[in-house]
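Secondary and tertiary structure notes
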Amino acid sequence: MEKINARLGVNIDHVATLRQARGESYPSVVEAANICLNHGADQITIHLREDRRHIQDTDVEAIRLVTKKFGKPLNFEIGVNPEIIDIAIATAPDWICVVPEKREEKTTEGGLDLKNETTFKKVQEACALLKSKIPGLKISLFVEGDEEILKLSKQIECDAVEIHTGDFARAHLNGEDTNPFLEQFKKSLNLCSELGLAHHAGHGLTAESVKPLVAENLFVEYNIGHWIICQAVFEGLAKVIQNLKVEIQG
Ligand code: PXP
């Protein structure tokens, strides 16, 4: 099967997590965005959480300037929260990915529960508002690849769904059978093609777990963060030690 040219969105929240852990000005998310976009990333993804645990308001502005400089999209993940929606409108990103957000979660733990009427209405209203305020904006909804949820997504003003791949990725890491997930992704792809929604993927993916998805052309966009930053530690550690040793010993 000929591979489609899928896009890679790099989520750089985890760079901000490292910075916030020490309250210093490094590592710089601006530098991270520059490096990613200089080396083939197709977009930068960031999530401004209500509790500001990683990305800060000033990061959003600065990263927006970097994506504009490269002419590449900023994909801004947001929960349906009035304060964050106002910031999104002021930022005018290319894409907004609407995600569920709970304060107590370690990371986004699943897709939007659109079967819940209150959630559906809130997301629907937020998307209509965002589309009316940001010309040319595209919206994706972070959801599970469930038939009813995909059909509900279509009733909302959106352009794509980002399918939650976290459970698949964990099964892959644990060496479990991932065929049921792959079958489900094939079904969600077919349904999305019928509905006219682009089919994106995100959460928990690694260079290994992305392979079967890419081999089957299951998604046009992959948003990956945690594994990239973790892997960058090991691909960069030897060089950093060598350089520091030269500084110390000459
Ligand atoms: N997509 C969405 C909607 C997310 O919430 C996240 C995590 O912030 C990602 C993609 C990236 O996930 P990970 O960091 O596990 O690669």
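This report concerns the structure included in the present document. Just so we're clear, the structure is a prediction, and the values are computed from it rather than from any experiment.

The next point concerns the packing of aromatic side chains. One pass over the structure, following the stated rule, counts four aromatic pairs. On the numbers, 5.6 Å between centres and 75° between planes, the contact of Phe168 with Phe185 is edge-to-face. Note that Phe168 is positioned in helix 7 (residues 166–173) and Phe185 in helix 8 (residues 179–195), a separation of 17 residues in sequence. We classify Phe185 as buried; its relative accessible area is 2%. Ring geometry for Phe185 versus Phe219: centroids 5.4 Å apart, planes at 70°, classification edge-to-face. Separated by 34 residues along the polypeptide, Phe185 in helix 8 and Phe219 in the loop between helix 9 (210–215) and strand 8 (221–224) bring together distant segments of the chain. Taken as a pair, Phe185 and Phe219 share a single burial class, namely buried. Ring-pair connections join several aromatic residues into one group, and the members of that group are Phe168, Phe181, Phe185, Phe219 and Tyr222.

Let us now look at the nonpolar core. Membership of the largest hydrophobic core comes to 62 residues, with the highest contact counts inside it found for Ile12, Leu114 and Leu141. For Ile12, the residues in contact, after removing those within four places along its chain, are Val29, Ala32, Ala33, Cys36, Ile44, Thr45, Ile46, Ile55 and Ile63.

Quick look at the site of the ligand now. Lining the immediate environment of the ligand, one finds 16 residues, of which His14, Glu162, Gly204, Gly225 and His226 sit closest. Within the side chain of Asn11, one N or O atom sits 3.2 Å away from an oxygen atom of the ligand. Between the ligand and His14, the relevant distance is 2.9 Å, taken from an oxygen atom to a side-chain nitrogen or oxygen of the residue. When isolated, the ligand has an accessible area of 400 Å², and the protein chains bury 96% of it. Of all the secondary structure elements, the ones that give two or more residues to the shell around the ligand are helix 1 (13–22) and strand 8.

We now examine the state of the cysteines. Inspection of every chain in the model, using the stated rule, returns zero disulfides. Lacking any disulfide linkage, Cys158 is separated from the closest cysteine sulfur, that of Cys127, by 6.5 Å. With no disulfide of its own, Cys192 lies 8.9 Å from the sulfur of Cys158, the closest cysteine sulfur.

At their nearest, the axes of helix 4 (residues 82–91) and helix 5 (residues 117–133) sit 10 Å apart, and the two run at 25° to each other. The pairing of helix 4 with helix 5 is recorded here as roughly parallel in orientation. At the point where helix 4 passes helix 5, the crossing takes the right-handed sense. Where helix 4 abuts helix 5, its residues Ile85, Ala88 and Ile89 lie against Ala126, Leu129, Leu130 and Lys133. Split by residue class, the contact of helix 4 with helix 5 holds six nonpolar, no polar and one charged.

What counts as what
By convention here, each chain's residues receive numbers from 1 onward along its written sequence. Note on the predicted model: pLDDT of at least 70 is required for a residue's local features to be given, and 80 or more for side-chain atom pairs to be given and counted; whole-chain, interface and lining totals, by contrast, use all residues. Side-chain measures were taken over the full set of non-hydrogen atoms in the model, leaving aside hydrogen atoms and water. Aromatic rings from Phe, Tyr and Trp, with only the six-membered ring used for Trp, were paired whenever their centres fell within 6.5 Å, and each pair was classed as stacked if the ring planes differed by under 30 degrees, edge-to-face if by over 60, and tilted otherwise. A helix here means a DSSP run of H or I that spans at least four residues, while a strand means a run of E at least two residues long, and both kinds are numbered starting from the N terminus. Exposure classes here rest on a 1.4 Å probe applied to the protein chains alone. A residue is buried below 20% of its type maximum, exposed above 50%, and partly exposed in between. Residues enter a nonpolar core if they are buried and are Ala, Val, Leu, Ile, Met, Phe, Trp, Tyr or Cys, with the set joined through side-chain atoms within 4.5 Å. Between two residues, a contact is recorded if the distance between any of their heavy atoms is within 4.5 Å. Here, proximity means that at least one heavy atom of the residue falls within 4 Å of the molecule or strand. As used in this structure description, the phrase polar contact means that two N or O atoms lie within 3.5 Å; if the pair is within protein, one of them must be able to donate a hydrogen and the other to accept it, and residues adjacent in sequence are counted only when both atoms belong to side chains. For the accessible areas, the method is Shrake-Rupley and the probe is 1.4 Å, while residue cover comes only from the protein chains on display. When two cysteine sulfur atoms are found within 2.5 Å, that pair is recorded as a disulfide. Angles shown run from 0 to 180 degrees and are taken between the N-to-C directions of axes, each axis being a line fitted to C-alpha atoms and, for helices, limited to the stretch in contact. Each angle is binned into one of four classes, with values under 35 degrees roughly parallel, values over 145 roughly antiparallel, values of 65 to 115 roughly perpendicular, and all other values oblique. When the near helix sits turned anticlockwise from the far one by under a right angle, the crossing is termed left-handed; a clockwise turn instead gives a right-handed crossing. In this classification, Asp, Glu, Lys and Arg are treated as charged, Ala, Val, Leu, Ile, Met, Phe, Trp, Tyr, Cys and Pro as nonpolar, and every other residue, Gly included, as polar.

The analysis is restricted to geometry; functional conclusions fall outside its scope.
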